[in-house]
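# Secondary and tertiary structure notes
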Number of protein chains: 2
Amino acid sequence: MSETIYVGADIGGTAIKVGVCSAAGDLLQTYEGPTEASHGADRIVDNIVKYVRHIVEATGHSWEQVGGVGIGIAGFLDIPNGIVKFSNNLNIRNVPLKQMLEDQLGVTVKVNNDANVAALGEAWAGAGRGVPNCVCYTLGTGVGGGVIIGGRIYEGYNGMAGELGHMSIVPDLEAIQCTCGMTGCLETVSSATGIIRMAKDAVARGDKTSLSLVPNLMAKEVIDAAKEGDEVAARIVNRAAYYLGRSMAATAVTLNPQRFIVGGGVAKAGDFLFDQIREVFAKYTQPEAKEGVEIVAATLGNNAGVVGAAGLILRS
Amino acid sequence: MSETIYVGADIGGTAIKVGVCSAAGDLLQTYEGPTEASHGADRIVDNIVKYVRHIVEATGHSWEQVGGVGIGIAGFLDIPNGIVKFSNNLNIRNVPLKQMLEDQLGVTVKVNNDANVAALGEAWAGAGRGVPNCVCYTLGTGVGGGVIIGGRIYEGYNGMAGELGHMSIVPDLEAIQCTCGMTGCLETVSSATGIIRMAKDAVARGDKTSLSLVPNLMAKEVIDAAKEGDEVAARIVNRAAYYLGRSMAATAVTLNPQRFIVGGGVAKAGDFLFDQIREVFAKYTQPEAKEGVEIVAATLGNNAGVVGAAGLILRS
């Protein structure tokens, strides 16, 4: 066992997930432990170090085989210097994460934001394997995004490339305010939160729908009702799909990626959702810009973060 | 005089313009001669060779100083191989332009499309000098575009990156068909053609406007009337500016460029137009994605093509 391995860590508000990948992006094993964010930045760093050392040992590797450690974290980052300027869910500010981890681990550490890292995971070793130019969407509480060019995360001037959830795409007359303060953002209609909001609005309006009988409405129930023929639910899911398709059409003539990869909870709706997205994309995209371009489901699920974090070492 | 020079050629339907640039992108001199496209591909190639040799000699350089020759041409291209698959305005098909020119000139030749080349010219030595990531718009008969990443033309999967004129951005209810066959393309409202069409429609509808007195309506007259307070003309120019601003807002969260550069005839409207674009961009773009991002006028005018063509040698 002398091959080089790459360790990824996905830092969440309650848990830290670490994983070991081969140079080809194959995920060998994962391990998860508590973040203990309430104990402050030093404890978070100590925990990352502990879990990383543990997974390397648990997979029977020596420390000399570690090619580097990548970190995916939600928040505002100074990516080149690996500084967490502010992370809401960890409640930390101005933490030189890269430096602190390199001091303790003695290997190269790279830090990037969770959406970029998940996109890199899918592009490197998931639904985008072998495809150099991908754009990834994660449909969850919000709509996350990441742009991969030449197999690497593309950050843009302000690190805002791939902030697809905040593409203002809903026409003014139908637009509502986003949590970001703007109106008409993609995530107001195509996230789980957006779908739930539209469903609750429909129920409150008195629209005739089976959703009015569901006590604690989640996006999955709206999608299931749509699949079963509930017209109100179908219209809501179609609206989520419509604006995803429109945003991809806009992206097809700016970035012109080869593949769009869509993951997150809402994407579990499968081809019922994807076929609607594909139809809208086809309608609003020039023939030359869509030729051979695919819209596919993410394949790594919750492991996209650890895989992409490990990939930071080779692909950033 | 031993410095290396770079020659660019901008191949139009009636004229070929050639120019000599320094390694810094400074344009030393230009020369223009007829394309003679009706005589076929061989004649076009012979003319390019003749004009290129002429400008090198005329500027007092020796052939040994030529670092390469770049070609900008409108049409469907196989860019890596420098083959013109089809050019409508030259009426040629499947011409191995790069190979034919390299055989005659004995130096490296690179070929790219006119919109990409104009964008590279501005980015390299015009309004984007020193800025690695730019997105360029040319507002003329259509809306051309080009994406520069890391100082180089970014083509995307199908060479369609930067086809900004065909971003479908006008909502369905207001959208008209584009020459490309789709509906709602940016160029239906933000090109000179789009502005003239909207003005003619307004006149035909009987809207109260000074434009109804203008016999041969051009975009300039619409812009001038708008500046002079004609409300109908002002609404038309605002609509052109609005969708430009919206398309830039969409681009700010996909490519997140540092600078948007706008050239072409319509851009001569100056700050009257630019201020409206900037206002819309500011309204529909997340604070982080617009911070420090500028929307500026192109500076090279009709020379962007030759400068960018010369730049292909160093920047592609």
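Residues numbered from 1 in each chain as written. Chains lettered and ligands numbered in written order. Predicted model: local features only at pLDDT ≥ 70, side-chain atom pairs only at ≥ 80, totals over all residues. Heavy atoms only, no water.

## Describing the overall build of chain A
Selection criterion: Per the convention used, a helix needs a DSSP run of H or I reaching at least four residues, while a strand needs a run of E reaching at least two, with both numbered from the N terminus. The globule rule used for comparison is 2.2 Å times the number of residues to the exponent 0.38, while the radius of gyration itself is calculated over C-alpha atoms. Note on exposure labels: buried denotes an accessible area under 20% of the residue type's maximum, exposed denotes more than 50%, and partly exposed covers the range between, all computed with a 1.4 Å probe on protein chains only. Method for areas: the Shrake-Rupley scheme with a 1.4 Å probe, in which residue coverage is limited to the protein chains shown.
What chain A contains, in helices and strands, is 10 helices and 13 strands. Compactness check: chain A gives a C-alpha radius of gyration of 20 Å against a globular reference of 20 Å for 316 residues, within 12% of the reference. Taken along its principal axes, the extent of the C-alpha atoms in chain A is 60 × 45 × 35 Å. Within chain A, the fraction of its 316 residues that count as buried is 56%. Accessible surface, chain A: about 12,700 Å² in total, of which carbon and sulfur atoms supply 49%.

## Quick notes on the packing of helix H6 (residues 219-227) of chain A against helix H7 (residues 231-252) of chain A
Residues and elements named next belong to chain A. Quick note on the threshold: Helix axes are fitted only over the stretch in contact, all axes being lines through C-alpha atoms; the angle between N-to-C directions runs from 0 to 180 degrees. Angle categories are assigned with fixed cut-offs, so that under 35 degrees is roughly parallel, over 145 is roughly antiparallel, 65 to 115 is roughly perpendicular, and the rest are oblique. Handedness of a crossing is defined here by the sense of rotation of the near helix relative to the far one, left-handed for an anticlockwise turn of less than a right angle and right-handed for a clockwise turn. We call two residues in contact when some of their heavy atoms are within 4.5 Å. Only Asp, Glu, Lys and Arg are considered charged, only Ala, Val, Leu, Ile, Met, Phe, Trp, Tyr, Cys and Pro nonpolar, and every remaining residue, Gly among them, polar.
Put simply, H6 and H7 touch, their axes get as near as 7 Å, and they point 115 degrees apart. The orientation of H6 with respect to H7, classified from their angle, is roughly perpendicular. In the packing of H6 onto H7, the handedness of the crossing is left-handed. When H6 is examined against H7, the residues Val 222, Ile 223, Ala 225 and Ala 226 are found in contact with a partner set consisting of Ala 233, Ala 234, Ile 236 and Val 237. A per-class count over the contact of H6 with H7 returns 8 nonpolar, no polar and no charged.

## A word on the sheet that holds strand E13 (residues 294-297) of chain B
For sheets, the rule is that strands pair by backbone hydrogen bonds, running either parallel or antiparallel. Residues and elements named next belong to chain B. What counts here: At least two bridges found by DSSP between two strands are what make those strands a pair.
Strand order in the open sheet made by the 5 strands is E11-E10-E9-E12-E13, with mixed pairing throughout. Both outer strands of the open sheet, strand E11 (152-153) and E13, are each paired with one neighbouring strand and no more. Both strand E12 (residues 259-263) and E13 contribute to a ladder of 4 bridges, which runs parallel. Residue pairing in the sheet places Phe 260 in a bridge with Ile 295 of E13. In this fold helix H7 (residues 231-252) packs onto strand E9 (134-139), E12 and E13, with an angle of close to 160 degrees to the strand it touches most, E9. Here helix H8 (residues 271-284) sits on the sheet in contact with E9, E12 and E13, set at roughly 165 degrees to E13.

## With respect to the pattern of salt bridges
Residues and elements named next belong to chain A. The condition that has to hold: We define a salt bridge as a contact between a side-chain nitrogen of Lys or Arg and a carboxyl oxygen of Asp or Glu at a distance within 4 Å.
Inspection of the entire model under this criterion finds 24 salt bridges over all chains. The shortest N-O distance in the salt bridge between Arg 278 and Asp 271 comes to 3.4 Å. Given a relative accessible area of 30%, Arg 278 falls into the partly exposed group. Because the salt bridges share partners, they merge into one network encompassing Arg 205, Asp 207 and Arg 235.

## Here we look at the packing of helix H1 (residues 41-58) of chain B against helix H2 (residues 97-105) of chain B
Residues and elements named next belong to chain B. Axis separation between H1 and H2 bottoms out at 10 Å; the angle between their running directions is 45 degrees. With respect to H2, the axis of H1 lies oblique. As for how H1 packs across H2, the hand of that crossing is right-handed. Contacts from Asp 42, Val 45, Asp 46, Ile 48, Val 49, Val 52 and Arg 53 of H1 reach H2 at Leu 97, Met 100, Leu 101, Gln 104 and Leu 105. A class-by-class count of the residues in the contact of H1 with H2 yields 8 nonpolar, 1 polar and 3 charged.

## Comments concerning the domain arrangement of chain A
Residue and element names in this part refer to chain A. Counted only if it meets this: Bear in mind that the domain bounds are from an automatic or database domain assignment. A 1.4 Å probe defines the accessible area here, and the buried area is the portion of it lost by two parts on being joined, summed over both. Polar contacts here mean pairs of N or O atoms no more than 3.5 Å apart (in protein, one a potential hydrogen donor and the other a potential acceptor; neighbouring residues in sequence count only if both atoms are side-chain atoms).
Domain annotation for chain A reports domain 1 (5-121 + 303-315) and domain 2 (130-298). Listed per partner, the contact involves 10 residues of domain 1 and 9 residues of domain 2. Both sides together, the interface formed by domain 1 and domain 2 hides about 840 Å², and carbon and sulfur atoms give 55% of it. The largest per-residue losses of area from domain 1 upon contact with domain 2 belong to Asn 116, Ala 119 and Arg 315, which jointly make up 55% of the total buried on that side. For the interface between domain 1 and domain 2, the tally reads 2 residue pairs in polar contact (both at pLDDT 80 or more). Contributions of two or more residues to the side of domain 1 that touches domain 2 are made by helix H3 (114-125) and helix H10 (304-315). For the side of domain 1 that touches domain 2, the leading source of residues is H3, giving 5 residues.

## Topic: the nonpolar core
Filter applied, for reference: Throughout this description, the term nonpolar core refers to a set of buried Ala, Val, Leu, Ile, Met, Phe, Trp, Tyr and Cys residues connected via side-chain atoms within 4.5 Å.
Grouped together as the largest cluster of nonpolar side chains are 114 residues, with contacts concentrated most on Tyr 137 and Val 222 of chain A together with Tyr 137, Val 222 and Leu 273 of chain B. Setting aside chain neighbours within four positions, we find Val 222 of chain A in contact with Ile 195, Ala 199, Leu 211, Leu 217, Ala 233, Ile 236 and Val 237 of chain A.

## As for unusual backbone geometry
Residues and elements named next belong to chain A. Positive phi outside glycine occurs at Asn 256, with the angle close to 45 degrees. Tracing the sequence through the fold places Asn 256 in the loop between H7 and strand E12 (259-263). Asn 256 sits in the buried class, given a relative accessible area of 0%.

## Remarks on empty space enclosed by the protein
All names here are of chain B. Short version of the rule: Method remark: on a 1 Å grid restricted to protein atoms, a set of points is classed as a cavity if a 1.4 Å probe fits but cannot get out and as a pocket if it is open with protein on both sides within 12 Å along at least five of seven lines; lining residues have an atom within 4 Å of a point. Grid points are joined across faces, edges and corners, and a volume is the space filled by probe spheres set on the points.
According to the stated counting rule, one finds 1 cavity of 30 Å³ or more in the structure shown. The calculated volume of the largest cavity comes to roughly 40 Å³. Lining the largest cavity we find Ile 11, Ala 41, Ile 44, Val 45, Ile 48, Ile 73, Leu 90, Ile 92, Val 95 and Leu 97. Residue assignment for the lining of the largest cavity shows that the elements contributing at least two residues are H1 and strand E7 (92-95). Among the elements that take part in the lining of the largest cavity, H1 stands out by supplying 4 residues, more than any other. For the lining of the largest cavity, the per-class residue count stands at 10 nonpolar, no polar and no charged.

## Points about the environment of Ile 169 of chain B
Tracing the chain through its elements places Ile 169 of chain B in the loop between E11 and helix H4 (187-190). Apart from the residues within four sequence positions on either side, Ile 169 of chain B is in contact with Arg 246 of chain A together with Gly 184, Leu 186, Tyr 243, Arg 246 and Ser 247 of chain B.

## Side note on the interface of chain A and chain B
Between chain A and chain B, the contact holds 45 residues from the first and 45 residues from the second. Buried surface at the junction of chain A and chain B, both sides included, amounts to about 3,500 Å², of which 55% is carbon and sulfur. In this assembly, chain A and chain B are joined by 2 salt bridges. Measuring nitrogen to oxygen at the nearest pair gives 3.5 Å for the salt bridge that ties Asp 172 of chain A to Arg 246 of chain B. If you tally residues by element for the side of chain A that touches chain B, the top one is H7 of chain A, at 5 residues. By residue class, the composition of the side of chain A that touches chain B is 23 nonpolar, 14 polar and 8 charged.

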